[in-house]
Amino acid sequence: MANSRAARLAPVVDMAEKAEKTAVQRLGYFQGQVRLAESKLGDLERFRGEYQQQWIERGAKGVSGQWLMGYQGFLNQLETAVGQQRQSLAWHQNNLDKAREGWQQAYARVEGLRKLVQRYIDEARALEDKVRERTRQLEEMTRTDPLTGLFNVRTLHESLTRAVRAAGVLPLAIRVC
């Protein structure tokens, strides 16, 4: 009975494992997106630092007003790009957090189902062991007298029949007093 319960749960466990696998793939995808967004943000910040270094070097030599306005405009665009990339990174990080939470739930579901199946299997084994032990006890009861614990007539008859067959002797009438 318990084995059949475990067998009936097999398709449910398979579906849960597939859902968990999908959640793992989704988690991996969003981890990649976060790494990519972090890399782009690092590139932008590095470029901004290099551009600011150019300003320091060029500013020491003197610059025109037109160059200064162009620099400020480009720096504003660069700051906007950095801000947008930070927003993108935050969005990807949020998606990663949601994907991680979804994977944790799927993993917990699979583990719960596996534990339930194992419990059903363990119950079935325990029941089978109990049935075997009870069968052994019943067989013992059919061979012995309940009051004395000695072999009964049936066991004696079976033992004599086996002995006669083993000896190859023709059956004779035997009287036991």
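Whatever comes next refers back to the structure up there.
Residues numbered from 1 in each chain as written. Predicted model: local features only at pLDDT ≥ 70, side-chain atom pairs only at ≥ 80, totals over all residues. Heavy atoms only, no water.

Novice: Now, about the pattern of salt bridges: what can you tell me, with residues and values included?
Specialist: Two side chains carrying opposite charge are able to pair once their charged atoms lie near each other. The tally for this structure, following the rule as stated, stands at 12 salt bridges. For R114, the salt bridge goes to E17, with nearest N and O atoms at 2.9 Å. Highlighted residues: R114 in helix 2 (residues 65–143) and E17 in helix 1 (residues 2–61), separated in sequence by 97 residues. When its relative accessible area of 38% is taken as the criterion, R114 is described as partly exposed. Under the relative-accessibility criterion, E17 is labelled partly exposed at 27%. Linked by salt bridges that have partners in common, R5, R119 and E123 make up one network. (Salt bridge = Lys/Arg side-chain N within 4 Å of Asp/Glu carboxyl O. Helix = DSSP H or I, 4+ residues; strand = E, 2+ residues; numbered from the N terminus. Buried < 20%, exposed > 50% of the residue type's maximum accessible area, 1.4 Å probe, protein only.)

Novice: Can you explain helix 3 (residues 153–167)? Please cite residues and give values.
Specialist: Over its 15 residues, helix 3 extends 21 Å from the first C-alpha to the last, a length consistent with the 21 Å expected when each residue adds 1.5 Å. Where helix 3 starts, the residue carrying a side-chain oxygen 3.3 Å from the main-chain nitrogen of R154 turns out to be N152. Note on helix 3: the residue one or two positions beyond its end, G168, has a positive phi of about 75°. (Expected span 1.5 Å × (residues − 1). Polar contact = N/O pair within 3.5 Å; in protein donor to acceptor, adjacent residues only side chain to side chain.)

Novice: Account for the side chain of E20, naming residues and giving values.
Specialist: With respect to the secondary-structure elements, E20 resides in helix 1. Side-chain polar atoms of E20 contact the side chain of W103, separated by 3.0 Å.

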